[in-house]
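The chain contents come next:
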Amino acid sequence: MRIFVALNLPKKERTRIHRASARLREEVLPVRWIDPENYHVTLKFLGDVRQEHVLEVQEIVRRVAESTLPFDLTLGGFGAFPTVRRPRVVWLGVDASAELRCLKQDLEWGLADVGFEPETRAFHPHLTLGRADSRGGAGQFRGFDDVMAELDFSGRAAIHTLDLMRSHLSREGSRYSVLASARLTGR
Ligand code: ATP
Ligand code: MG
């Protein structure tokens with residue numbers, strides 16, 4: 001099954017983000033906007049993993065969570081990967097705090113122990129708001145950077161669990177479910 005490790009935000013914060021980003025969705029653009037129920041911050045995408053290995057991953061997630069204290073995510077700033085002119089992913093920024101970077105590193109090390117390739121790319125924590133198809137050319141997104149810059153949002157979300165998620169791909173877009181939620185208890 002297709003799995004990933006993520007941080008989920010309280011509903012209240014997801015609703016705030018959805019409202020704060022409404023202006024982006026008013027633009028007529030080839031972007032598939034994510035439902036607020038599906039907002040999350042991915043820490044590690046594992047892809048298709050066989051059932052027996054899922055349990056191993058679940059165990060690593062639990063162990064990492066056990067050695068991590070609850071912390072706050074700081075959210076703010078809108079942007080896009082790879083560029084705002086030719087976006088694939090439109091996002092809300094997440095502050096790469098020391099806690100978040102430690103958690104990411106612990107996860108990478110733990111998962112490397114059971115055979116998952118550590119990420120070599122830089123960690124740019126973000127919350128995906130939409131997926132864009134910019135094949136029609138950068139022209140369609142002219143002015144989008146200004147729309148983004150005009151938005152003003154800052155948020156904070158208390159994180160108490162590390163979640164192993166399952167992704168169900170479908171024509172209507174991906175749906176996610178929580179396979180296992182591990183409490184951050186610290187140590
Ligand atoms: P869709 O693929 O239908 O556009 P999605 O990307 O949300 O939807 P998944 O592809 O299952 O669904 O991805 C689940 C999560 O993992 C998402 O947060 C996604 O951004 C992230 N992700 C997917 N592929 C990768 C990858 N190669 N590297 C890093 N993160 C990834
Ligand atoms: Mg994807």
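Our structure is the block above this text.
Because the structure is predicted, anything quoted here is derived from the model rather than measured. (Residues numbered from 1 in each chain as written. Chains lettered and ligands numbered in written order. Predicted model: local features only at pLDDT ≥ 70, side-chain atom pairs only at ≥ 80, totals over all residues. Heavy atoms only, no water.)

**Side note on the pattern of salt bridges**
Following the criterion strictly, the structure yields 11 salt bridges and no others. Salt-bridge contacts for Arg-16 lead to Glu-13; the nearest nitrogen and oxygen are separated by 3.1 Å. Taken together, the residues Arg-16 and Glu-13, both in helix H1 (residues 11-20) and three residues apart, mark about one turn of the helix. Residue class for Arg-16 comes out partly exposed when judged on its relative accessible area of 36%. Its relative accessible area of 8% is what places Glu-13 among the buried residues. With its nearest N and O atoms 3.0 Å apart, the salt bridge here joins Lys-44 to Glu-108. Highlighted residues: Lys-44 in strand E3 (residues 41-48) and Glu-108 in helix H4 (residues 98-113), separated in sequence by 64 residues. Since its relative accessible area comes to 7%, Lys-44 is described here as buried. Taking relative accessible area as the criterion, Glu-108 reaches 6% and is therefore assigned buried. By sharing partners, the salt bridges in this structure join Arg-23, Glu-26 and Glu-27 into a single network. (Salt bridge = Lys/Arg side-chain N within 4 Å of Asp/Glu carboxyl O. Helix = DSSP H or I, 4+ residues; strand = E, 2+ residues; numbered from the N terminus. Buried < 20%, exposed > 50% of the residue type's maximum accessible area, 1.4 Å probe, protein only.)

**A few points about the site of ligand 1**
Around ligand 1 sit Arg-2, Phe-4, Arg-32, His-40, Thr-42, Phe-45, Arg-121, Arg-131, Ser-167, Leu-169, Ser-174 and Tyr-176, and those are all the residues in its vicinity. Here a nitrogen atom of ligand 1 sits 3.5 Å away from a polar atom, N or O, in the side chain of Arg-121. Between ligand 1 and the protein, one listed contact pairs an oxygen atom with a side-chain N or O atom of Ser-174 at 2.7 Å. Relative to its unbound accessible surface of 590 Å², ligand 1 loses 70% to contact with the protein. Contributing elements (two or more residues each) for the shell around ligand 1: strand E1 (2-7) and E3. Partitioned by chemical class, the residues of the shell around ligand 1 number four nonpolar, four polar and four charged. (Near = heavy atom within 4 Å. Polar contact = N/O pair within 3.5 Å; in protein donor to acceptor, adjacent residues only side chain to side chain. Areas by Shrake-Rupley, 256 points an atom, 1.4 Å probe, with all protein chains shown as cover. Nonpolar A, V, L, I, M, F, W, Y, C, P; charged D, E, K, R; others polar.)

**As for unusual backbone geometry**
The omega torsion of the bond from Phe-81 to Pro-82 falls at -10°, within 30 degrees of zero and hence cis. Of note, Pro-82 is situated in strand E4 (residues 71-82).

**Comments concerning helix H3 (residues 51-66)**
Between its terminal C-alpha atoms H3 stretches 23 Å, which fits the 22 Å expected from 16 residues at 1.5 Å a residue. The set of residues buried in H3 consists of Val-54, Val-57, Ile-60, Val-61, Val-64 and Ala-65. Relative to the axis of H3, the buried residues are bounded by an arc of 135° and lie together on one face. Taken together, the buried residues of H3 touch E1, E3, H4, strand E8 (161-168) and strand E9 (175-183). (Expected span 1.5 Å × (residues − 1). Arc of directions from axis to C-beta. Contact = heavy atoms within 4.5 Å.)

**Things to note about the nonpolar core**
If you look at the biggest cluster of nonpolar residues, it comprises 49 residues, and the most contacted ones within it are Leu-7, Ile-17, Leu-24, Leu-73 and Leu-162. If you tally residues by element for this core, the top one is H3, at six residues. (Core = buried A, V, L, I, M, F, W, Y, C linked by side-chain atoms within 4.5 Å.)

These values are about where atoms sit, not about what they do.
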